[in-house]
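So you can see what is in the structure, the chains are spelled out below.
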Amino acid sequence: MHLFRNDYSEGAAPQILDAVCHVSAEQNVGYSEGDAHSDHARELIRAACECPDAMVEFCIGGTSANVICLNGMLRDWEGVICTPDAHIVVHETGALGATGRTSLPTADRDGFLSPEAAERVYQFQMGTGRHMTRPAAIYITDATELGGVWDRKRFDAICDWARSHDLGIFLDGARLGSALTAPGNDLTLPYIASRVDAFYIGGTKNGMLMGEAVVICGHGKHAERLREAFPFLQKERGGLLAKGFLMGAQFEAAFAKQEDGSEELYWQLARHANEQATALREGLVSAGYELYGNSTSNQVFVTATPEQTEALEAAVGCETFYVLEDGRRVIRFVCSWATETADVTEVLELAGKLSA
């Protein structure tokens, strides 16, 4: 059966592979410093963000992008406010802490960083001067770890709060394609670029072999500090790919204008994953499963019994995220650019038998 473990189990979309094959026959400048493909990809991304003076760089993966960007925005005695389930807290093996930087989690439990919870952390950390790690930035993700998608009202609220406290704003966009094509989304790339200091556009989880495009779009002190530090930190932290033109070629293909006038490949791949996830989500509810959280992206979370969980994990690779007090499991299914309608139908037939 098709696996729903994550959105990067497959290699890459055919159009992306074609681009890589084409560039493989060329000789290019290394490290994405002046090769035609990386430079063109930068131009396309700046245009998509409506931010002509943005600094656009390519990282191998999300952990690399997070560590490099937050190190560039923070000084040794400063920390970043985030949710307790943030990727930098839970799923990166302490990578940020290993570089000497501190994460400052709030009590938020839905994946969204709220001004109220952030304020409590801020006031606590500022309480005893030099004896406490000083908050200097916030970290948010779109989509969240629970698949939630930021709307403009909520996004503006946390950005306004951060600005009122002179904090930098960094957005982890590992699944930004899914978030910005999700049902009900009202954010856009240009709007995000107008409000944050830096963010990245995830490629690894949206049909590419690997790669994230970091966009440094702000001009405040945190963004300027990152602009200066990024090239050096990328090399120092092992995030600079010698064959950087391979990432440039992939983003070039993903954001190139389509001859038929349709939306760019990047958005097509993300929209397809979301459509399959919507069908899966609706089908699981019809089969008697209860949704968990607020996901409208390509991640689907439901509760299941231990027996159902064991059978589904063995068959389709879904993962347990939480064990609830009553013993039920919260399990996650993830759809990708490669998920087909027949794959969804097959897993729904199994889920229906298990709930009967």
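Because the structure is a prediction, the values reported are computed rather than measured. (Residues numbered from 1 in each chain as written. Predicted model: local features only at pLDDT ≥ 70, side-chain atom pairs only at ≥ 80, totals over all residues. Heavy atoms only, no water.)

Participant: Please explain the pairing of strand E11 (residues 329-334) as it appears in this structure.
Facilitator: Within a regular strand, the side chains alternate between the two sheet faces. Across the six residues that make up E11, a large majority, five, are buried. Where strand E9 (residues 299-304) meets E11, six bridges bridge the pair, whose relative direction is antiparallel. Of the residues in E11, the one forming a bridge with Ala304 is Arg329. In terms of strand pairing, strand E10 (residues 319-323) meets E11 through four bridges, oriented antiparallel. Across the sheet, Val323 pairs through a bridge with Arg329, a residue of E11. Hairpin connection from E10 to E11: five residues lie between these consecutive antiparallel strands, with Gly327 at a positive phi of about 95°. (Buried < 20%, exposed > 50% of the residue type's maximum accessible area, 1.4 Å probe, protein only. Helix = DSSP H or I, 4+ residues; strand = E, 2+ residues; numbered from the N terminus. Pairing = 2+ DSSP bridges.)

Participant: Would you mind showing me how to read the pattern of salt bridges here?
Facilitator: When their charged atoms lie close together, side chains carrying opposite charge are able to pair. Inspection of every chain in the model, using the stated rule, returns 18 salt bridges. Between Arg195 and Asp156 there is a salt bridge, and its shortest N-O distance comes to 3.1 Å. A residue pair is termed long-range when its members are at least 10 positions apart, and Arg195 in helix H9 (residues 189-195) and Asp156 in helix H7 (residues 152-164) qualify at 39 residues. Given a relative accessible area of 17%, Asp156 falls into the buried group. In this structure, Asp166 and Lys221 form a salt bridge, with 2.9 Å as the shortest nitrogen-oxygen distance. Here Lys221 lies in helix H10 (residues 221-236) and Asp166 lies in the loop between H7 and strand E5 (168-172), a separation of 55 residues in the sequence. Take Asp166: its relative accessible area is 46%, and that puts it in the partly exposed class. (Salt bridge = Lys/Arg side-chain N within 4 Å of Asp/Glu carboxyl O.)

Participant: Quick question: what am I supposed to make of the sheet that holds strand E1 (residues 55-59) here?
Facilitator: Two modes of strand pairing occur in sheets, parallel and antiparallel, and in both the strands are linked by backbone hydrogen bonds. Here seven strands make up an open sheet; going across it, the order is E1-E7-E6-E5-E4-E2-E3 and the pairing mixed. The open sheet terminates on both sides in strands that have one partner only, identified here as E1 and strand E3 (102-105). Across the sheet, the mean angle separating the axes of adjacent strands is 25° when strand polarity is ignored. Bridge analysis of strand E2 (residues 78-82) against strand E4 (residues 134-141) gives four bridges, and the strand direction is parallel. Paired with Glu78 across the bridge in E4 is Arg134. In this fold helix H2 (residues 36-49) packs onto E1, strand E6 (198-202) and strand E7 (212-216), with an angle of close to 120° to the strand it touches most, E1. (Axes fitted to C-alpha atoms, helices over the stretch in contact; angles between N-to-C directions. Contact = heavy atoms within 4.5 Å.)

Participant: In this structure, what is going on with the packing of aromatic side chains? I would like to understand it.
Facilitator: With the rule as written, the count across this model stands at 13 aromatic pairs. Here Tyr139 and Phe170 contribute two aromatic rings whose centre-to-centre distance is 6.2 Å and whose plane-to-plane angle is 35°, an arrangement assigned as tilted. Taken together, the residues Tyr139 in strand E4 and Phe170 in strand E5 connect sequence positions 31 residues apart. A relative accessible area of 0% means that Phe170 is categorised as buried. With a centroid separation of 6.1 Å and an interplanar angle of 90°, the aromatic rings of Phe255 and Trp267 are classed as edge-to-face. Residue Phe255 is located in helix H11 (residues 245-255), and its partner Trp267 is located in helix H12 (residues 265-286); the two are separated by twelve residues in the primary sequence. Note on Trp267: relative accessible area 13%, which makes it buried. Put simply, the rings of Tyr292, Phe301, Phe321 and Tyr322 touch in pairs and so form one group of aromatic residues. (Phe/Tyr/Trp six-rings, centres within 6.5 Å; stacked < 30°, edge-to-face > 60°.)

Participant: Whenever I open this one, the environment of Trp77 confuses me. Can you help?
Facilitator: Mapped onto the fold, Trp77 is located in the loop between helix H3 (62-73) and E2. As a C-alpha pair, Trp77 and Leu113 span 36 residues in sequence and 22 Å in three-dimensional space.

Participant: I'm lost on H11 in this one. Help?
Facilitator: H11 sits mainly inside the fold: ten of its eleven residues count as buried. Looking at H11, one finds that the buried residues are Phe245, Leu246, Met247, Gly248, Ala249, Gln250, Phe251, Glu252, Ala254 and Phe255.

Participant: Would you mind showing me how to read unusual backbone geometry here?
Facilitator: Glycine aside, residues mostly have negative phi, and peptide bonds are mostly found in the trans state. A cis amide bond links Asp142 with the next residue in sequence, Ala143, at an omega value of 5°. Here Ser32, not a glycine, exhibits a phi torsion of approximately 60°, which is positive. Turning to its location among the elements, Ser32 is positioned in the loop between helix H1 (14-24) and H2. For Ser32, a relative accessible area of 5% corresponds to the buried category. At Asp166, a position not held by glycine, the phi torsion is positive, near 60°.

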